[in-house]
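# Coordinates in review
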Amino acid sequence: MADKVVLVVGGGGREHALCMELKQSKHVGELHCAPGNAGTSYLAKNHSISATDIEGLLELSKTLNADLVVVGPEAPLCAELADRLSELEIPCFGPIGILAHLEGSKLHAKQVMQDANVPTAAFHVLSKSSDIEAALDDFAGNPWVVKRDVLAGGKGVVVTSQRDEARSFIEQSIQTDGQVLLEDFLPGEEASMLVIMDGSGYVCLPASQDHKRAFDGDEGPNTGGMGAYCPAPVVTDAVRQKTIESIIEPMHQYLVASGTPYRGVLYVGLMIPESGEPNVVEFNVRFGDPECQITLPLIKTDVFEILEAAATDRLAELDIEFHDLFATSVVLAAEGYPQSPVKGRQIHGVSQEPIHADGTTAWVNHAGTGFNAEGQLISTGGRVLSCSASGPTLEASVKLAYALIETIELEGSHYRTDIAFRAL
Ligand code: AMP
Ligand code: GLY
C-alpha cells in the first residue's frame, strides 16, 4: 500500500535522484523535500527549509508525521540530525553525528582505519613547524598529499610535486586549524563504492567513477564532480572481492562494535593500483553526487524498501537485485563554475519525463535549478543539472547522455566531453 510519508533532506542532483526513485516506490504515498530544487518540485512537495536548519527539519518531520527521513548531504548528519530524529523515534537514513565524523574529520577517519586494520596511505599528523621537513623527506619521491582536518568543501586537499607548495600549505593549515595531515601518495585509478549498511548487514552497490576536475583530460580546478559512470570496469570482480574482504567487512564489523549501528550509506573512495590491492582515499557518510544519479537507477529492488530497512536495521532480510545495465551522467555547470558561477539564467529544453527507447533510458537530474517570478526554469547554483542515461553497454549510455545534454540551452554553461574516457 502506498501510505508511507518520506522526507528527503537536501536540494541537489543527488536528492532529485533520490526523489525519482522514491516516487516510483509502491510504498510511498507522500514525498517531501527540504529544500529541494525545481526538479524535485515536480515529484515532491518542496519545503523552504535549509538542509542545515536542524530545528526546522525536526519540526517538519514531526508535522508531516514522517515514516522515513532520507538525508542527502553530510552537514546535517555531522550536526546530529539522525541523533535528534532517533529521540523522536523517526527512522532516519543517515548515520548519527559521532559516526558522521568519518567524513567530518579526515584524521578521525585515518585513526578508525588504523583501528579497523583497513588499508590506507601512511600519514603524519603535523602540528609543529619543526616537524615539517622530516615528514616531507619521509614521503619524498612522489607528490605530497596534504589534507586539512576540516570540512572544506573540496578545498582541503593539496596534491603537489612542489616541496615549497606542500610546505606552505602545511604551515598555513597549522596556523588556521592547529594540525594537518601529510599522506603518502597512492598511485592508481580512483573509484567510488557506495555501501548501504545497518546493524544487521550491508550491501555494496555497483562501483562507479567520478570526474572531479572541471575540464577534459582531468585538467582545471577541483569540483564537486563533473560526471560519473557505473559500473566502473576498473573494479573487476577480483578488486571488488578484495575491497569487501579488506575494507568493507572490517569497517562494518568495527562500526557494529562501536555501539549505535551505522544506518545509511558509506561512500568508500578507493585508489586501485596496478596490483589490484585497493586502498581507501576517503570516506563520506552520504551518497556521492553525481555517483548517486547513476547508481540508484541500477537497483531493481524498490529503493524505499532498502532505505527504510537500513534505517531500521532490517537490511539483512532483503534480497537486493540489480539491473544488468550501465549508466552515465554528465554535469552541466554554470559559466564560471567552480570559482564564481553565474546564477539566475534561464534554462531551455529540459523535459521532465525520462525518455525510453530500445532498452535505454535518458533523463535529467536537476541540481542548482529554481523558478523565477514568471515561473520559468532558471539556474541557481554551480552544478545546474546533469543529463544521464542507462543502456546495455557503457558506450550506449555515454552516447545517449551526450545526445541529451546537447538539447539543453543555458548561456555560458560548460560540461566535460570525456566522461568515462578511462573505461572506453
Ligand atoms: P579527498 O578529499 O581525501 O578525497 O582527496 C581529494 C583527492 O585528492 C582524491 O580524490 C584524490 O584524487 C587525491 N588524493 C587524496 N589522497 C591521496 C593519496 N593518498 N594519494 C594520491 N591521491 C590522493
Ligand atoms: N562526487 C564526489 C562526492 O560526492 O564527494
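Attention in this report is confined to the structure presented alongside it. All residue numbers refer to positions counted from 1 along the written sequence of the respective chain. Written order determines the labels here, with chains lettered from A and ligands numbered from 1. Under the rules for a predicted model, residues below a pLDDT of 70 receive no local features and side-chain atom pairs below 80 are neither given nor counted, while totals for whole chains, interfaces and linings still include all residues. Derived side-chain values reflect all non-hydrogen atoms in the structure, with water molecules and hydrogen atoms excluded from consideration.

With that settled, consider the packing of aromatic side chains. Two rings from Phe, Tyr or Trp (for Trp, the six-membered ring) form a pair when their centres are within 6.5 Å of each other. A pair whose planes differ by under 30 degrees is stacked, one over 60 is edge-to-face, and the rest are tilted. A complete count under the given rule lists three aromatic pairs for this structure. Considering the side-chain rings of Phe93 and Phe287, the 5.8 Å spacing of their centres and the 15° angle between planes classify their relative orientation as stacked. In this pair, Phe93 is assigned in strand S5 (residues 92-93) and Phe287 in the loop between strand S17 (279-284) and helix H11 (291-295), connecting sequence segments 194 residues apart. In this structure, Phe93 and Phe287 share a single accessibility class: buried. Ring centres 6.1 Å apart and planes at 40° place the aromatic pair Tyr402 and Tyr415 in the tilted group. On the criterion of sequence distance, the pair formed by Tyr402 in helix H13 (residues 394-405) and Tyr415 in the segment after H13 is long-range, its members being 13 residues apart. Sitting over the ring of Tyr267, Arg286 keeps its end group 5.9 Å from the ring centre. The way it works is that DSSP assigns letters per residue, a run of H or I at least four long becomes a helix, a run of E at least two long becomes a strand, and they are numbered from the N terminus. When a residue's accessible area, from a 1.4 Å probe over protein chains only, is under 20% of the maximum for its type it is buried; when over 50% it is exposed; and in between it is partly exposed. Here, over-ring charges are defined by two tests on the NZ atom of lysine or the CZ atom of arginine: distance to the ring centre within 6 Å, and angle to the ring normal within 35 degrees.

Taken residue by residue, a regular strand's side chains alternate between the two faces of the sheet. Side-chain alternation along strand S8 (residues 157-160) places Val158 and Thr160 on a buried face and Val157 and Val159 on a face that remains uncovered. As paired elements, strand S7 (residues 144-148) and S8 share four bridges and run antiparallel to each other. Its bridge partner lying in S8, Val146 is registered against Val158. Two strands qualify as a pair provided DSSP detects at least 2 bridges between them.

A few words on the pattern of salt bridges. Basic side-chain nitrogens of Lys or Arg form a salt bridge, by our definition, when they fall within 4 Å of a carboxyl oxygen of Asp or Glu. Under the criterion given, the structure shown has 27 salt bridges. A salt bridge links Lys128 to Asp131; the shortest N-O distance between them is 3.7 Å. In this structure, Arg167 and Asp164 form a salt bridge, with 3.0 Å as the shortest nitrogen-oxygen distance. Of this pair, Arg167 and Asp164 both sit in helix H9 (residues 163-177), three residues apart, roughly one helical turn.

Turning our attention to the environment of Asn284. By the element assignment, Asn284 lies in strand S17. Measuring from C-alpha to C-alpha, the distance between Asn284 and His348 comes to 34 Å, with 64 residues separating the pair along the chain. Ignoring sequence-local partners within four residues, the contact set of Asn284 consists of Glu103, Tyr262, Val265, Leu266 and Tyr267. Residue contacts follow a heavy-atom distance rule, with two residues in contact if any of their heavy atoms lie within 4.5 Å.

What follows deals with the sheet that holds S8. With antiparallel pairing, the four strands of this open sheet are ordered in space as S6-S9-S7-S8. Every other strand in the sheet has two partners, leaving strand S6 (123-126) and S8 as the edge strands with one partner each. Between one strand and the next, the sheet's axes are offset by a mean angle of 20°, whatever the strand orientation. Pairing analysis gives four bridges linking S7 to strand S9 (residues 180-183), with the strands arranged antiparallel. Bridge assignment links Val146 to a residue of S9, and that residue is Leu182. Its contacts with the sheet put H9 on S6, S7, S8 and S9, and the angle it makes with S7 is roughly 15°. Axes here refer to lines fitted to C-alpha atoms; in helices the fit is confined to the stretch in contact. Angles between the N-to-C directions go from 0 to 180 degrees.

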